[in-house]
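A closer look at the structure
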Amino acid sequence: MARRHHGVHMSWMALQAGFWGLVGGSALLLGAMVGYLVALPQRLIAAIMAVGAGVLISAVAFDLMDEAYSKGGFDSAALGFLAGAAAYTLANILVTRNGAKHRKRSGSNPDQSQQSADAGSGMAIAIGALLDGIPESIVIGVSLLEGAGVSMAAVAAVFLSNVPEGLSSAAGMKKAGRKPAYIFLVWGGIALASGLAALIGNVVLADAGNEVIAATMAVAAGAILAMLVDTMIPEATEETHEFSGLIAVAGFLLAFVLSKMGG
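Residues numbered from 1 in each chain as written. Predicted model: local features only at pLDDT ≥ 70, side-chain atom pairs only at ≥ 80, totals over all residues. Heavy atoms only, no water.

Let us look at the overall build of the protein. Counting secondary structure elements, the protein contains eight helices and zero strands. Traced from its N-terminal end to its C-terminal end, the protein shows the element sequence α-α-α-α-α-α-α-α. Counting over 263 residues, the protein shows a buried share of 48%. For the protein, the share of sequence-separated contacts (at least 6 apart) that also reach a separation of at least 24 residues comes to 86%. Entry remark: accessible area of the protein is about 12,200 Å², with carbon and sulfur atoms responsible for 69%. (Helix = DSSP H or I, 4+ residues; strand = E, 2+ residues; numbered from the N terminus. Buried < 20%, exposed > 50% of the residue type's maximum accessible area, 1.4 Å probe, protein only. Contact = heavy atoms within 4.5 Å. Areas by Shrake-Rupley, 256 points an atom, 1.4 Å probe, with all protein chains shown as cover.)

Turning to the packing of aromatic side chains, a few remarks are in order. What the rule picks out here adds up to four aromatic pairs. With 5.1 Å between their ring centres and 75° between their planes, F19 and W20 make a pair best called edge-to-face. Residue classification places F19 among the partly exposed residues on the basis of a relative accessible area of 47%. Their ring planes at 70° and their centres at 5.8 Å tell us that Y36 and F184 sit as a pair that is edge-to-face. One end of the pair, Y36, is in helix α1 (residues 2-37); the other, F184, is in helix α6 (residues 180-205), with 148 residues separating them in the sequence. Given the relative accessible area of 25%, F184 is considered partly exposed. Grouping aromatic residues by their ring pairs yields a cluster made of F62, F252 and F256. (Phe/Tyr/Trp six-rings, centres within 6.5 Å; stacked < 30°, edge-to-face > 60°.)

Written as structure tokens, this is what we have:
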């Protein structure tokens, strides 16, 4: 009976992880819808990215690396952190060379939109979104393992970082002549994949040892921080360079407060 109760609890927790992963991934679809229907100022998108960058930096530091060190010690945390950054960097080089370099831009600049519209780059942008989103979604799933509820800072960070990606890709795909059904099916599928990544991460790691969980969290942290420096921060500072630091600090503080309130 106790085992059945444990199994039901695990299933419910996994479903919760999948739901919150889907919430974070749904920002891709929301961004794609807005990007297809409305031309937003690029400065506004850049400000959203600056907030998202600050939130993610806080999540990496307090929700991931600090927790990874507590669970697995310095070795697991450090090796996982470097491995995640290296894996992200290698994969990012591949998708960047195939047309996804500006996948987190709003697409309001003609050169950026044209790059997104180049042949074959639509799929590269989609793969890039998965590359950015999988470690973020796994973080959401892992955050539920402690039994204290999902990390709202992690969900907010994922959501804010995904909006500009959907915006940029939809603008580029529309310019390339893609039909709305194609655009929204692609991004709807990636949003579902984000939910599945959170669910699978939660299930796979539910019975894992502390060192495995620590290494996984550190890998995700390394990948996210590398993504921030490679994509989000440069794009945010390009359009809001006078205020990007202040906006990012506000995002960091928001996430820090949320993490302490949740703790």
